[in-house]
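Fold and contact review
Chain by chain, the residues run as shown.
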There are 2 protein chains.
Amino acid sequence: MAGVTLEQVALEARVSTATVSRIINGTGKVSARRKKQVMDAIEKLGYRPNLVAQSLARGQSMNVGVLTQDISSPYFSQMHKGIEQGFQGSGYHPIFVSEEWRDDQDHAALEVLLSRRVDALIVLGGYIEDDVLLKISRNTPMVVVGRLVPGLEKQCLQVNNHHGGLLATRHLLDLGHRHIAHIAGPDTHYDAVERMAGYMQALQEAGVPLNRQLVVEGQFSEEGGMRATEKLLKLGMPFTAIFACNDQSALGAQLVLQKKGFRIPQDISVVGYDDLSHSAFIYPPLTTVRQPGLKMGRAAAQCVLDLLSEKSPHLPAFHNELVVRESSGRAAGSEVIVPAETATLAVEAKPVQKRKRASKKDS
Amino acid sequence: MAGVTLEQVALEARVSTATVSRIINGTGKVSARRKKQVMDAIEKLGYRPNLVAQSLARGQSMNVGVLTQDISSPYFSQMHKGIEQGFQGSGYHPIFVSEEWRDDQDHAALEVLLSRRVDALIVLGGYIEDDVLLKISRNTPMVVVGRLVPGLEKQCLQVNNHHGGLLATRHLLDLGHRHIAHIAGPDTHYDAVERMAGYMQALQEAGVPLNRQLVVEGQFSEEGGMRATEKLLKLGMPFTAIFACNDQSALGAQLVLQKKGFRIPQDISVVGYDDLSHSAFIYPPLTTVRQPGLKMGRAAAQCVLDLLSEKSPHLPAFHNELVVRESSGRAAGSEVIVPAETATLAVEAKPVQKRKRASKKDS
DNA sequence: CTGTTAGCGCGTTCAG
DNA sequence: CTGAACGCGCTAACAG
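All values reported here derive from a predicted model rather than from experimental measurement.

In the vicinity of DNA strand D, 24 residues are found, and the nearest of them are T19(A), R22(A), R34(A), L6(B) and Y47(B). Within 4 Å of the protein, the contacting atoms of DNA strand D are drawn from sugar and phosphate to the extent of 68%. A distance of 2.8 Å separates a phosphate oxygen of DNA strand D from a polar side-chain atom of Q54(B). Only α2 (17-25) and α4 (51-58) of chain A together with α2 (17-25) and α4 (51-58) of chain B provide two or more residues apiece to the surface near DNA strand D. Of the residues assigned to the surface near DNA strand D, the class counts are 11 nonpolar, 8 polar and 5 charged.

Turning to the interface of chain B and chain A, a few remarks are in order. Counting from both sides, the interface comprises 56 residues of chain B and, opposite them, 56 residues of chain A. K259(A) is the partner of E326(B) in a salt bridge, and the nearest nitrogen-oxygen pair spans 2.8 Å. Listing elements by their share of the side of chain B that touches chain A, those giving two or more residues are α4, α5 (74-87), β2 (93-98), α6 (108-115), α10 (222-235) and α11 (247-259) of chain B. Residue composition of the side of chain B that touches chain A, grouped by class: 25 nonpolar, 18 polar and 13 charged.

Neighbouring DNA strand C are 24 residues, the closest being L6(A), Y47(A), T19(B), R22(B) and R34(B). Near the protein, meaning within 4 Å, the atoms of DNA strand C are sugar or phosphate in a fraction of 68%, with bases accounting for the rest. Side-chain polar atom of S31(B) to a phosphate oxygen of DNA strand C: 2.7 Å apart, as the coordinates give it. In the environment of DNA strand C, a phosphate oxygen lies 2.6 Å from a nitrogen or oxygen atom belonging to the side chain of R34(B). Residue composition of the surface near DNA strand C, grouped by class: 11 nonpolar, 8 polar and 5 charged.

Looking now at the side chain of S115(B). In this fold, S115(B) is placed in helix α6. Overall, the relative accessible area of 13% leaves S115(B) in the buried class. Not counting residues within four places of it along the chain, the set of residues in contact with S115(B) comprises R48(A), P49(A), N50(A), L51(A) and V52(A).

The subject of this paragraph is the packing of α10(B) against α11(B). Angle between the axes and distance between the axes are the two parameters that describe a pair of packed helices. All names here are of chain B. With their axes 7 Å apart at the nearest point, α10 and α11 run at an angle of 50° to one another. With respect to their mutual orientation, α10 and α11 come out oblique. As α10 packs across α11, the resulting crossing turns out to be right-handed. Residues E222, G225, M226, T229, E230 and L233 of α10 lie in contact with α11, whose contacting residues are Q248, S249, L251, G252, A253, L255, V256 and L257. Residues of the contact of α10 with α11, tallied by class, amount to 7 nonpolar, 5 polar and 2 charged.

Residues and elements named next belong to chain A. This structure, assessed with the given rule, holds 6 aromatic pairs over all chains. A ring pair is formed by Y199 and F243, whose centres lie 6.4 Å apart and whose planes are at 40°; its orientation type is tilted. A residue pair is termed long-range when its members are at least 10 positions apart, and Y199 in helix α9 (residues 190-205) and F243 in strand β8 (residues 241-244) qualify at 44 residues. Across the pair, F243 and Y199 agree in class, each one buried. Cation over ring: R195 sits above Y273, and NZ or CZ is 3.8 Å from the ring centre.

A few words on the relation of the copies chain B and chain A. Superposition record for chain B on chain A: RMSD 0.1 Å, screw rotation 180°, translation along axis 0.0 Å. On this basis, the relationship between the two copies can be described by a two-fold rotation axis. Most of the interface of chain B is mirrored in chain A, where 100% of its interface residues again form contacts.

This part takes up the UniProt feature "domain: HTH lacI-type" (unreviewed entry) in chain A. According to UniProt, the "domain: HTH lacI-type" (unreviewed entry) feature falls on residues 4-58 of chain A. End C-alpha atoms of residues 4-58 of chain A are separated by 20 Å, and the span's content is 71% helix alongside 0% strand.

Attention shifts here to the nonpolar core. Counting residues in each nonpolar core, the largest one holds 58 residues, and the members touching the most others are F87(A), I122(A), V145(A), F87(B), I122(B) and V145(B). Among residues more than four places away in sequence, those in contact with I122(B) are V64(B), G65(B), V66(B), L67(B), I83(B), F87(B), V143(B), V145(B), A300(B), A301(B) and V304(B). By size, the runner-up hydrophobic cluster in this structure holds 49 residues, among which are A228(A), L232(B), F239(B) and A250(B).

Another point: the sheet that holds strand β1 (residues 63-68) of chain B. Residues and elements named next belong to chain B. Strand order in the open sheet made by the 5 strands is β2-β1-β3-β4-β5, with parallel pairing throughout. Among the strands making up the open sheet, the edge pair consists of β2 and β5 (156-157). In this structure, strand β4 (residues 142-145) lies alongside β5, joined through 2 bridges in parallel fashion. Residue V144 lies in a different strand from β5, and its bridge partner there is C156. Sitting on the sheet, helix α12 (residues 293-308) is in contact with β1, β3 (120-124), β4 and β5, with an inclination near 160° to β4.

Conventions and cut-offs
Here the residue numbering is sequential within each chain, running from 1 through the sequence in written order. Chain labels run from A onward and ligand labels from 1 onward, assigned in the order the entries are written. Where local features are concerned, this predicted model is filtered to residues with pLDDT of at least 70; where side-chain atom pairs are given and counted, the filter is 80 or more; whole-chain, interface and lining totals use all residues. The side-chain values count all of the structure's non-hydrogen atoms but skip hydrogen atoms and water molecules. Residues are counted as near a molecule or strand when any one of their heavy atoms sits within 4 Å of it. A 3.5 Å cut-off defines polar contacts: any pair of N or O atoms within that distance qualifies, except that in protein one atom must be a possible hydrogen donor and the other a possible acceptor, and neighbouring residues in sequence count only when both atoms are side-chain atoms. Secondary structure elements follow DSSP: runs of H or I no shorter than four residues count as helices, runs of E no shorter than two count as strands, and numbering proceeds from the N terminus. Any residue that is not Ala, Val, Leu, Ile, Met, Phe, Trp, Tyr, Cys, Pro, Asp, Glu, Lys or Arg is counted as polar, Gly included; the first ten are nonpolar and the last four charged. The contact criterion used throughout is that any non-hydrogen atoms of two residues lie within 4.5 Å. One side-chain nitrogen of Lys or Arg within 4 Å of one carboxyl oxygen of Asp or Glu is enough to make a salt bridge. Classification of residues uses two cut-offs on accessible area relative to the type maximum, computed with a 1.4 Å probe and protein chains only: under 20% is buried, over 50% is exposed, and between them is partly exposed. Angular values range over 0 to 180 degrees, each being the angle between N-to-C directions of two axes fitted as lines to C-alpha atoms, with helices fitted over their stretch in contact. Just so you know how the angles are binned, under 35 degrees is roughly parallel, over 145 roughly antiparallel, 65 to 115 roughly perpendicular, and the rest oblique. Two helices crossing with the near one rotated counterclockwise from the far one by less than a right angle form a left-handed crossing, whereas a clockwise rotation gives a right-handed crossing. In this scheme Phe, Tyr and Trp rings, the latter by its six-membered ring, pair at centre separations within 6.5 Å, and the angle between planes marks the pair as stacked below 30 degrees, edge-to-face above 60, and tilted otherwise. To sit over a ring, a charge needs its Lys NZ or Arg CZ within 6 Å of the ring centre and within 35 degrees of the ring normal. When the copies are overlaid, the least-squares fit takes in C-alpha atoms only where the residue has pLDDT of at least 70 in both copies. UniProt positions are given in the numbering used here, feature names are shortened, and annotations may be inferred rather than shown by experiment. What is meant by a nonpolar core is a set of buried Ala, Val, Leu, Ile, Met, Phe, Trp, Tyr and Cys residues, joined one to another through side-chain atoms within 4.5 Å. By this definition, two strands are paired if DSSP reports at least two bridges between them.

This is the structure:
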């Protein structure tokens, strides 16, 4: 950690350390002559301020902790990038730490940040208890993304996942689909639950009864999406569309469907959620609800900056946006509005036939 | 940045700060009785060591800088995760910063890390000049991943990209392909160049002349892969397989091919490189060369740890591994070894016909 | 074993 | 304008 010190610069420039400090930080007036001396000395010695010492002296570390779920997650990475961009040029820098191990009662991840004396905290979802966050927020500016902490509403950046679920499902309904399956996320995830609520509301609005059997859990992952889809197919319950709670599970769904010979969207439509960076490039390109991850990250950073400069934080509203691509299309035979059947036991049901519209047996 | 101080703990426990420090750090012997007093005080006050002050006093920040290309890149994210894992429990923590803006003569990213006095540096590829790195490495332990810095060989973690290119291309050759296109990466990227070299060597070994027109640049991105593939198809030059320099461009290639009606792998085989987390789930699942990103990240971290503890660093060799999935298959009509034609102007060539094997006109 | 005392590198009064 | 001196929170000799 060695390096040239302020004192060495002062010595070289034949001034006091205070003067050098003033010049570096632009604090107080300094004569042009001395200023030049000092600048020369800095240049000559290759001086670089020691941020650690500055931190201790000033009482702020210029670091902002970011508590994330998984640093490698395609979903969060957009936010990470936005956060990084948001702090560009501010002097602050984000320090990322993954929550990872959930059964961690000591909140080791948090500890890493707190002991490093981060000046603020950005929390991306996660499992840390509300009251823990609330307590920390009393001493440390905090912005929470994708989650609503009671008592901290003004610093919670949210997108309306409920609305997104609504958009996705309405889109499918508009295309004539009446039997829409849903691949849900873990019910521990606020986002997932909200998306599903949107799905249910859309159905209700359209007068389409909810068929609980068409709702299966997909764990937010590709594998989960695959398993869920296989389960749906085995059910033998007809459906012409799937709304997956995120793109990852939608990808898994598409894979299974295509492997089984279903054409997307001719046989079955698929809609995802998140608009991951690769979702536009899979085949067929995925219709999805875009999460403005980059913007959200930037906004979170900006909000932190506001908080740190005592300005009243401004959290813009974020809207999910439906991105229609090629994985969704009109329901086969959608000219006929099929009366929904009661959600009876799927005893007589046989596996959906391949290469045929899953809804055919309805008509 | 406020918080309980050592001194307050000492006061509460009626001992000196030195004693508290000893207990916290396990330095020196302390009587059990005092130890309990101190532990109680710590507990009562909720003391948490100030890492900033520790850093200044000890002369080490317990932070390791990671200079990456893009914090949101699906390719690098595996390494990021590996790095984070590698430092788990070591007391050190990675600080990521994206190089981002290439036309940055001041190396702002580096500056962020250096002024924070990171104890070591992990450099993931990038454009920072060799001599700059070399100079920094004299004061700061450094590990470079995916790049060879002359004079720093022992700290350069590499996978044999050349070998990977060889594997991928041989695989296609083994399947009977003789007209193999290559979507190259930017020639500023060491990795990309090496992969292409492997491709060329494999062709040579097999006695298949290189057709330079079948090598197009894809910029490591999905869009690039799409453009490259369109270009290839327009060429009218027959080919039955594509080896893309990374999965992202392979994804773009698959998309274009499928949109144009080609079946993968029946009409055209595709092989990628990296094995991104979603590559197993796209349709058809991508045959690719796996980069052990997670392991590499862990190894880089371990190497840094070794360097920091003066142990002789150990960098294991990493091998690329071919992962055969469903995007590659036997070349159509591969029972006939087609004599390679001379790479003449593609004047008489017409666009490859859809739904037909691109190689048909050869046979 | 334990307390006292210097620093670590820099910011910031407080007198000139 | 400028410099001397103290403090940030903690570690590390150095004496007891």
